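Notes for the structure review
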Amino acid sequence: MAKLGNPRNTIEILQKYDFHFQKKYGQNFLIDEHVLDKIIRAAGVTEHDFVLEIGPGIGTMTQYLAEAAREVAAVEIDRNLIPILQETLRDYPNVSVIHDDILKVDIAGLAREKNEGRPIKVVANLPYYITTPIIMGLFEKGVPIDNITVMVQKEVAQRMQAGPGSKDYGALSLTVQYYAEAYVAAYVPPNCFIPRPKVGSAVIRLTRHRKPPVFCSDPKLLFGLIRASFNQRRKTLQNGLINASDLSFTKEQIIKAIESLGVNASVRGEELTLSQFAELAGALAEQRGRTTDGI
Ligand code: SAM
């Protein structure tokens with residue numbers, strides 16, 4: 001089967017099957033061999049790896065993955081692509097195509113079945129409309145992950161990498177950085193895809209931390225605080241947390257916990273580091289403990 005990184009081969013197969021792109025599925029297929037090589041290299045795929053590919057499209061990147069990895073499972077939602085994938089991947093017995101919505105797949109189960117529960121690599125040119133739920137799902141649902149190397153919208157990659165004080169810094173930056181180390185491997189212009197997306201793209205690798213970089217006894221509270229602080233970006237941290245409907249701390253508890261960080265009372269959430277958020281969560285958890293103990 002001809003390699004699909006070559007735009008001519010891609011166009012030929014699209015015409016053969018009279019394929020119509022579906023906007024609702026975020027379909028922009030890669031047609032640049034250089035970018036495809038870069039993604040595989042950034043992911044560090046070796047012949048020992050089991051790789052999960054999300055949204056194989058017509059199988060362009062899947063061909064590259066199949067040549068580099070031990071085994072690949074590719075999950076595609078669009079039923080019109082399944083017969084195409086059967087043709088474009090017929091020379092690769094180490095690939096299985098799963099026709100499903102990735103948000104409904106038991107990925108931890110797949111890792112158990114295909115990789116004996118050992119950490120897997122995830123590689124994808126993601127459908128941009130569900131980038132965040134896919135990545136957060138992988139981190140939060142107990143899937144054993146080595147790294148996730150994905151094409152995302154350029155602005156999303158910048159937000160994932162941003163630190164305090166930057167305009168891109170927010171809940172996504174902190175949540176991603178709690179779970180992984182982010183590295184942007186390439187910026188990719190619209191002309192590397194068919195059809196061309198309206199936005200610039202970037203390949204980002206998220207290497208999962210073996211242990212979170214900060215200690216927090218209650219990660220759920222940590223993420224709740226992060227969300228509440230950035231929900232109302234222009235408010236001070238103190239007001240953001242006091243007004244948050246899903247946090248159940250008194251004004252006094254919040255003021256005391258912020259004071260314990262040694263920061264100004266008018267500090268905004270966007271000025272705090274991950275480790276200060278963890279400290280804040282620790283201080284509030286301790287106060288909650290005192291209240292429930294009746295101290
Ligand atoms: N990997 C191909 C490439 O690089 O040329 C296609 C990438 S395209 C940006 C995204 C792919 O994800 C499409 O094939 C689309 O049909 C598929 N997709 C969209 N939503 C999905 C979902 N919820 N589950 C699985 N696949 C999905």
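Up top you'll find the structure we're talking about.
A brief structural summary. (Residues numbered from 1 in each chain as written. Predicted model: local features only at pLDDT ≥ 70, side-chain atom pairs only at ≥ 80, totals over all residues. Heavy atoms only, no water.)

1. Here's the deal with the pairing of strand β6 (residues 145-153)
Extensive coverage of β6 is indicated by the burial of seven of its nine residues. Where strand β5 (residues 120-125) lies against β6, six bridges are found, and the strand directions are parallel. Pairing of Val123 across the sheet is with Thr149, part of β6. Following the backbone out of β5, through helix α6 (residues 131-140) and into the adjacent parallel β6, one traces a crossover that is right-handed. Strand direction decides the pairing type here: β6 and strand β9 (residues 201-208), joined by seven bridges, are antiparallel. Bridge pairing in β9 links Ile148 to Leu206. (Buried < 20%, exposed > 50% of the residue type's maximum accessible area, 1.4 Å probe, protein only. Helix = DSSP H or I, 4+ residues; strand = E, 2+ residues; numbered from the N terminus. Pairing = 2+ DSSP bridges. Right-handed = clockwise from strand over helix to strand, strands pointing away.)

2. Side note on unusual backbone geometry
Of note, the amide linkage connecting Ile194 to Pro195 takes the cis form, showing an omega dihedral of -15 degrees. Among the structural elements, Pro195 can be located in the loop between β8 (193-194) and β9. A positive phi angle, close to 50 degrees, is found at Asp18, a residue other than glycine. Looking at where Asp18 falls in the secondary structure, it is placed in the loop between α1 (7-16) and β1 (29-30).

3. Focus: the packing of aromatic side chains
Enumeration over the complete set of coordinates arrives at nine aromatic pairs. Ring geometry for Tyr169 and Phe230: centres 6.0 Å apart, planes at 85 degrees, overall edge-to-face. In this pair, Tyr169 sits in the loop between α7 (154-161) and α8 (171-179) while Phe230 sits in helix α9 (residues 219-231), placing the two residues 61 residues apart along the sequence. When its relative accessible area of 1% is taken as the criterion, Tyr169 is described as buried. Using a relative accessible area of 12% as the deciding quantity, one classes Phe230 as buried. Between Tyr178 and Phe223, the aromatic rings sit 5.2 Å apart at their centres with planes inclined by 90 degrees, giving edge-to-face as the arrangement. Of this pair, Tyr178 sits in helix α8 while Phe223 is found in helix α9, placing the two residues 45 residues apart along the sequence. Exposure class is identical for Tyr178 and Phe223. Each is buried. Sitting over the face of the ring of Tyr64, Lys3 holds its NZ or CZ atom 4.3 Å from the ring centroid. (Phe/Tyr/Trp six-rings, centres within 6.5 Å; stacked < 30°, edge-to-face > 60°. Lys NZ or Arg CZ within 6 Å of the ring centre and 35° of its normal.)

4. Details of the layout of surface pockets
Over the atoms a probe the size of a water molecule is rolled, and this reveals where empty space is left. One number sums up the size of the largest pocket: a volume of about 670 Å³. Looking at the largest pocket, it is lined by 36 residues, and the ones nearest its centre are Tyr25, Gly26, Gln27, Asn28 and Pro127. Looking at the lining of the largest pocket residue by residue, the classes come out as 20 nonpolar, nine polar and seven charged. Estimates place the volume of the second largest pocket at around 190 Å³. Taken together, Asp218, Lys220, Leu221, Phe223, Gly224, Arg227, Asp246, Leu247 and Arg288 make up the lining of the second largest pocket. The greatest single-element share of the lining of the second largest pocket, amounting to five residues, is contributed by α9. Classifying every residue of the lining of the second largest pocket by side-chain character gives three nonpolar, one polar and five charged. (1 Å grid on protein atoms, 1.4 Å probe; cavity = no way out; pocket = protein on both sides within 12 Å on 5 of 7 lines; lining within 4 Å. Points joined across faces, edges and corners; volume = space filled by probe spheres on them. Nonpolar A, V, L, I, M, F, W, Y, C, P; charged D, E, K, R; others polar.)

Everything listed is a geometric property; what it means functionally is a separate question.
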